[in-house]
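# Residue-level structure breakdown
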Amino acid sequence: MNGTQMNGMKLNGMKLQYVGVHKAFGAKTVLDGIDLKVGVGGAVALIGASGSGKSTLLRCTNLLEPIDDGAILLDGDDITEPGRDVDPVRRRIGMVFQSFNLFPHMNVLSNVTLAPRKVLGKSKAEATDLAMAMLTRFGLADKAGDYPDRLSGGQQQRVAIVRALQMEPEVMLLDEI
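To keep things clear, this report deals only with the structure shown in the data block. (Residues numbered from 1 in each chain as written. Predicted model: local features only at pLDDT ≥ 70, side-chain atom pairs only at ≥ 80, totals over all residues. Heavy atoms only, no water.)

The subject of this paragraph is the environment of Leu114. Along the chain, Leu114 turns up in helix α3 (residues 108-118). Relative accessible area serves as the criterion here: at 24%, Leu114 is assigned to the partly exposed category. Linking Leu114 and Gly51, residues 63 residues apart in sequence, is a C-alpha distance of 33 Å. Dropping the residues within four chain positions of it, Leu114 is found in contact with Phe103 and Met106. (Helix = DSSP H or I, 4+ residues; strand = E, 2+ residues; numbered from the N terminus. Buried < 20%, exposed > 50% of the residue type's maximum accessible area, 1.4 Å probe, protein only. Contact = heavy atoms within 4.5 Å.)

Let's shift gears to the packing of α3 against helix α4 (residues 124-137). When two helices pack together, you describe them by how their axes are tilted relative to each other and by the distance separating the axes. One can describe the packing of α3 onto α4 by two numbers: an axis separation of 9 Å at closest approach and a directional angle of 125°. The angle between α3 and α4 places the two elements in the oblique class. As for the relative orientation of α3 and α4, their crossing is right-handed in sense. Of α4, the residues touching α3 (which contributes Val108, Leu109, Val112, Thr113, Pro116 and Arg117) are Lys124, Ala127, Thr128, Ala131, Met132 and Leu135. Split by residue class, the contact of α3 with α4 holds eight nonpolar, two polar and two charged. (Axes fitted to C-alpha atoms, helices over the stretch in contact; angles between N-to-C directions. Parallel < 35°, antiparallel > 145°, perpendicular 65-115°, else oblique. Left-handed = near helix turned anticlockwise from the far one by under 90°. Nonpolar A, V, L, I, M, F, W, Y, C, P; charged D, E, K, R; others polar.)

Our focus in this paragraph is the nonpolar core. Grouped together as the largest cluster of nonpolar side chains are 19 residues, with contacts concentrated most on Leu16, Ile72, Ile79 and Ile93. Listed by contribution, the elements that provide at least two residues to this core are β3 (14-25), β4 (28-39), α1 (54-61), β5 (69-74), β7 (93-96) and β8 (171-174). Core analysis: the second largest hydrophobic core is formed by 16 residues, Val108, Val159, Ala160 and Val162 among them. (Core = buried A, V, L, I, M, F, W, Y, C linked by side-chain atoms within 4.5 Å.)

Opposite charge on two side chains lets them pair, provided their charged atoms get close. Throughout the structure, instances matching the rule amount to nine salt bridges. When the shortest N-O distance is used, the salt bridge between Lys15 and Asp75 registers 2.9 Å. Of the two residues, Lys15 is situated in strand β3 and Asp75 in the loop between β5 and β6 (77-78); the sequence distance between them amounts to 60 residues. Each of Lys15, Asp75, Arg92 and Glu170 takes part in salt bridges that share partners, so that together they form one network. (Salt bridge = Lys/Arg side-chain N within 4 Å of Asp/Glu carboxyl O.)

Structure follows, in structure tokens:
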């Protein structure tokens, strides 16, 4: 598939595009021909009943679930093509899950500096400086040494957002934010 066209259609500044996305779990169809365009700098809120496929669409976008048919394009590139290496795609997409998935045995600062150090190769000092700046921005600097079980649900959620942003993603997926 050409990175700037799909079926003759120009993608004109589209960051994400869903084209006829289908996903079923057994006989239960969850995503039935989803077509959606999200422009560069755009924001979309998915609103619907529990079980309507909102989380599934996000999980498919982050390549945690394979789609059954259609395509998901990131900057015009089909990220759902079979055999795709998912790691480079996931480095471009940040995701905050409903349950936040913070490491309970690590304090806030360790939670938000681990991936930038291990995946992006940042030094401990650089990762810490960037993390503290972001924690300050989110009103959490005083919680840097606390463990997740000492934080309120809202504080845990903000830590999870900071952790995702520390990876400098191009796209953020926020489930039940």
